[in-house]
Amino acid sequence: GQQVMQIPQYQHVQEGEDFTTYCNSSTTLSNIQWYKQRPGGHPVFLIQLVKSGEVKKQKRLTFQFGEAKKNSSLHITATQTTDVGTYFCAGRFLFRDAGGTSYGKLTFGQGTILTVHP
Amino acid sequence: SAVISQKPSRDICQRGTSLTIQCQVDSQVTMMFWYRQQPGQSLTLIATANQGSEATYESGFVIDKFPISRPNLTFSTLTVSNMSPEDSSIYLCSTGQGGLFNYGYTFGSGTRLTVV
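For the structure given in this document, a descriptive report is provided here. None of these values were measured; they are calculated from a predicted model.

1. Some details on the state of the cysteines
- This model, assessed by the stated rule, comprises two disulfides over all chains.
- Shown here is the disulfide that connects A:Cys23 with A:Cys89, its sulfur atoms set 1.7 Å apart. Taking the torsion about the S-S bond as the criterion, the A:Cys23 to A:Cys89 disulfide, at about -95 degrees, is left-handed. With a gap of 66 residues between them, A:Cys23 in strand E3 (residues 19-25) and A:Cys89 in strand E9 (residues 85-96) connect regions that are remote in the sequence. Neither residue differs from the other here; A:Cys23 and A:Cys89 are each classed as buried.
- There is a disulfide in this structure between B:Cys23 and B:Cys93, and the S-S distance comes to 1.8 Å. Judged by the sign of its S-S torsion, about -95 degrees, the cystine formed by B:Cys23 and B:Cys93 is left-handed.

Here it is in structure tokens:
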């Protein structure tokens with residue numbers, strides 16, 4: 001089945017340092033989404049990337065989608081303690097149900113657990 | 001975006017029993033998904049539930065163990081049947097609008113299940 005590999009599994013940084021997590025798929029993705037899950041919480045949608053080579057920014061967060069639509073990255077500049085949590089990428093793969101209707105289905109990466117030391 | 005109310009938030013159950021988890025969405029949604037997440041791990045898709053049709057289960061998950069109902073466009077349940085300690089996990093429902101390029105999923109707050 002489709003898999004999305006995400007590294008690193010853990011990242012410990014000092015407050016103010018930068019952080020990057022990477023995702024890679026062996027097959028082309030329809031699009032890729034990023035989620036953040038705070039400790040004890042549920043995943044919260046951050047962003048979706050659709051176009052080849054797309055770059056989107058949300059304040060200190062920069063998201064990239066590779067030219068081949070097989071990889072993606074999330075970069076946080078100058079981390080803060082509020083950035084603590086697990087960051088998941090989720091690749092969307094297309095499939096057809098028994099009736100022939102096309103749907104997108106998300107496959108989550110393993111997640112990167114970010115801790116920020118003040 | 002949709003808001004999902006999921007309950008129970010947690011439960012401790014005896015092995016061999018069943019637990020039904022409910023998710024109520026504040027708007028009509030075509031598709032709902034059920035995930036399982038071990039603490040500190042990724043999310044694994046259990047099944048996709050469309051209103052009015054049988055749920056589609058992922059490899060390793062079967063209807064007898066995880067029956068799903070989707071009676072209307074705002075509600076779904078997942079039952080964990082004949083539980084064993086290996087079923088201890090967090091179970092999450094989420095919404096997804098149908099089609100090829102829908103936007104981010106909204107998740108319920110999760111059900112933390114412990115089987116003893």
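Moving on from the coordinates now.
2. Thoughts on the sheet that holds strand E3 (residues 19-25) of chain B
Residue and element names in this part refer to chain B.
- The sheet built from four strands is open, its strands ordered E1-E3-E8-E7 with antiparallel pairing. Two strands bound the open sheet, and with one partner strand each, they are strand E1 (4-7) and strand E7 (68-72). If you compare each strand with its neighbour and ignore which way they point, the axes differ by 15 degrees on average.
- Two strands pair when backbone bridges link them, and E1 and E3 are joined in this way by four bridges, in the antiparallel orientation.

3. Notes on the environment of A:Leu114
Residues and elements named next belong to chain A.
- As for its placement among the helices and strands, leucine 114 is situated in strand E11 (residues 112-117).
- Judged by its relative accessible area of 1%, leucine 114 falls in the buried class.
- Separated by 74 residues in the primary sequence, leucine 114 and glycine 40 have C-alpha atoms spaced 14 Å apart.

4. Description of the sheet that holds strand E7 (residues 61-65) of chain A
All names here are of chain A.
- On the basis of which strands lie adjacent, the open sheet formed by five strands has the order E1-E3-E8-E7-E6 and antiparallel pairing. At either end of the open sheet lies a strand with only one pairing partner, and these are strand E1 (4-7) and strand E6 (55-58). Direction aside, the axes of adjacent strands within the sheet are offset by 15 degrees on average.
- Both E6 and E7 contribute to a ladder of four bridges, which runs antiparallel. Bridge assignment links valine 55 to a residue of E7, and that residue is glutamine 64.

5. Remarks on the packing of aromatic side chains
- Under the definition given, this model contains twelve aromatic pairs over all chains.
- Taken together, a centroid distance of 6.2 Å and an interplanar angle of 80 degrees make the contact between A:Phe88 and A:Phe108 edge-to-face. Pair noted here: A:Phe88 is in strand E9 and A:Phe108 is in strand E10 (residues 102-108), with a separation of 20 residues, a long-range link.
- Taken together, a centroid distance of 6.1 Å and an interplanar angle of 70 degrees make the contact between A:Phe108 and B:Phe107 edge-to-face. With A:Phe108 in strand E10 and B:Phe107 in strand E10 (residues 106-107), this pair bridges two chains. As far as the burial class goes, A:Phe108 and B:Phe107 line up, both buried.

Reading the values: rules and limits
Residues numbered from 1 in each chain as written. Chains lettered and ligands numbered in written order. Predicted model: local features only at pLDDT ≥ 70, side-chain atom pairs only at ≥ 80, totals over all residues. Heavy atoms only, no water. Disulfide = S-S within 2.5 Å. Helix = DSSP H or I, 4+ residues; strand = E, 2+ residues; numbered from the N terminus. Buried < 20%, exposed > 50% of the residue type's maximum accessible area, 1.4 Å probe, protein only. Pairing = 2+ DSSP bridges. Axes fitted to C-alpha atoms, helices over the stretch in contact; angles between N-to-C directions. Phe/Tyr/Trp six-rings, centres within 6.5 Å; stacked < 30°, edge-to-face > 60°.

Function cannot be inferred from these measures alone, as they are strictly geometric.
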